Each structure stands twice: as C-alpha cells, then as structure tokens.
Amino acid sequence: MSLYDDAVLVLKGYEGQEELRQVYLDHLAAHPDGMWKACEAGHLTASALVIDPDHGRVLLTLHRKLRMWLQMGGHCEPQDATLAAAALREAGEESGIAGLTLLPGGPVLLDRHPIPPPCHWHLDVQYAVLAPPGSVQQISDESLDLRWYAYDEVADVADESVVRLLEATRARL
C-alpha cells in the first residue's frame, strides 16, 4: 500500500472534524501528488505532540523558520510507509528521543493552516507520541530550542492549534 493510499484510509476512518476531513479527502482526490512538498496547491504533513503523562508535560520545539513553539512534525518522505510512521519519524528526528511510541487510536486532530508561497496550505494530520521514562531531548537542525512545558504552561507559549492538540491528546489519555 502506498503512503497516499494509507492517508486516504486513515482519513476515511478518522472520526470527528467531518468538514475538515472532507477537505483533506477532496484535496487528495484532486491532487495525486498531495502527499508531497512539491504539490504547490498544498500537501499533507504529519506531526506529533511528544507527551510525558507521568509528569504532566509536553515537549515543544521552537521552530527555526517560524520562531514559534510547536509540536514536532513536517513533510512526508518517500520512505514513510504510513502517516503514523511519518509522524513518529518526525517526532524522533526533531526531539532526539529514542523509543517514542504512538498514542493508540490514530490521529488526534487535523489542522489546516496557510504557509508562504509557492505552496499555499499544510493539511496537517496530528498524532501524539508517548515519551519513555527518563527521556532526554536533543536539539536538531530544525529547532532553535526544545523545552518541556507543563500542561498549564502551553497556552502561555504556543498558539491555539497546539493548545487544541494538547486538549485532544489529554482527552484521549
């Protein structure tokens, strides 16, 4: 099964955000290259909130280009077999933490946001990953900083999309 096929199946099975889910499915139907950064009409991305529920905290990255505190994530790559695998890969690469595991249940949320030209939209499929006990982060080239934040601190540093992702993740926990 291709990454495209996996994305369609994941989105068809995703419960919630019906209107936005349909936007994603319509985009893929209209753009066979809609999984890839080269699709200038917009493309799917995969992200993951790194969470440490035992300590009530999440790991956020200070994104190098956007200069915002965000969850880990980014573009799908040819070696990604599934959206979940892409999200897990991105979380591992950007956090430097080995042994992350996906929170069961598939994507937590969908988030569509504009990006600068030549592309126009990121259609982000958002997951959550659990950090193993004793996790130590390591900054990647894509980050200016990595920092653990208590749940109640996230709204003070991150935008509403990250707050929504945290709320949805906590509800699933």
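Refer to the preceding data block for the structure.
It should be emphasised that the depicted structure is a prediction, and the values quoted were computed from it without experimental measurement. (Residues numbered from 1 in each chain as written. Predicted model: local features only at pLDDT ≥ 70, side-chain atom pairs only at ≥ 80, totals over all residues. Heavy atoms only, no water.)

S.K.: Just to check I follow, could you spell out the side chain of Asp80 for this structure?
M.R.: Counting through the fold element by element, Asp80 comes out in the loop between β4 (72-75) and α3 (83-95). For Asp80, the side chain forms a polar contact with the main-chain nitrogen of Glu77, separated by 2.7 Å. Here the side chain of Asp80 touches Arg89 through a polar contact of 2.8 Å, side chain to side chain. With near-sequence residues (within four places) excluded, Asp80 lies in contact with Leu3, His75, Ala85, Ala86 and Arg89. (Helix = DSSP H or I, 4+ residues; strand = E, 2+ residues; numbered from the N terminus. Polar contact = N/O pair within 3.5 Å; in protein donor to acceptor, adjacent residues only side chain to side chain. Contact = heavy atoms within 4.5 Å.)

S.K.: How should the packing of aromatic side chains be read in this particular structure?
M.R.: What the rule picks out here adds up to one aromatic pair. An angle of 80 degrees between the planes, with centres 5.3 Å apart, marks the rings of Trp69 and Tyr149 as edge-to-face. Separated by 80 residues along the polypeptide, Trp69 in strand β3 (residues 69-70) and Tyr149 in strand β8 (residues 143-150) bring together distant segments of the chain. The residues Trp69 and Tyr149 share a single accessibility class, namely buried. For the cation-ring pair, Arg57 lies above Trp148, with the distance from its terminal atom to the ring centre recorded as 4.0 Å. We note Arg112 situated over the ring of Trp121; from NZ or CZ to the ring centre the distance is 3.6 Å. (Phe/Tyr/Trp six-rings, centres within 6.5 Å; stacked < 30°, edge-to-face > 60°. Buried < 20%, exposed > 50% of the residue type's maximum accessible area, 1.4 Å probe, protein only. Lys NZ or Arg CZ within 6 Å of the ring centre and 35° of its normal.)

S.K.: What should I look at first to understand unusual backbone geometry in this one?
M.R.: Phi is mostly negative for residues that are not glycine, and the peptide bonds are mostly trans. Of note, the phi angle at Gln17 is positive, near 50 degrees, even though the residue is not glycine. Along the chain, Gln17 turns up in the loop between α1 (3-13) and α2 (18-30). Phi at Arg67 takes a positive value of approximately 55 degrees, unusual for a residue other than glycine. Of note, Arg67 is situated in the loop between β2 (57-63) and β3.

S.K.: Help me understand α2 in this model?
M.R.: Along an α-helix, residues three or four apart share an orientation, since each turn contains 3.6 residues. For α2, with 13 residues, the first-to-last C-alpha span of 18 Å sits near the 18 Å given by 1.5 Å per residue. Residues of α2 that are buried include every one of Arg21, Tyr24, Leu25, His27 and Leu28, and no others. Taken down its axis, α2 places every buried residue within 155 degrees of arc, on the same side. Seen from the open side of α2, the exposed residues pointing more than 90 degrees away from its buried face are Glu19, Ala29 and Ala30. Tucked into the core, α2 has its buried residues touching α1, β1 (43-52), β6 (109-114) and β7 (121-130). (Expected span 1.5 Å × (residues − 1). Arc of directions from axis to C-beta.)

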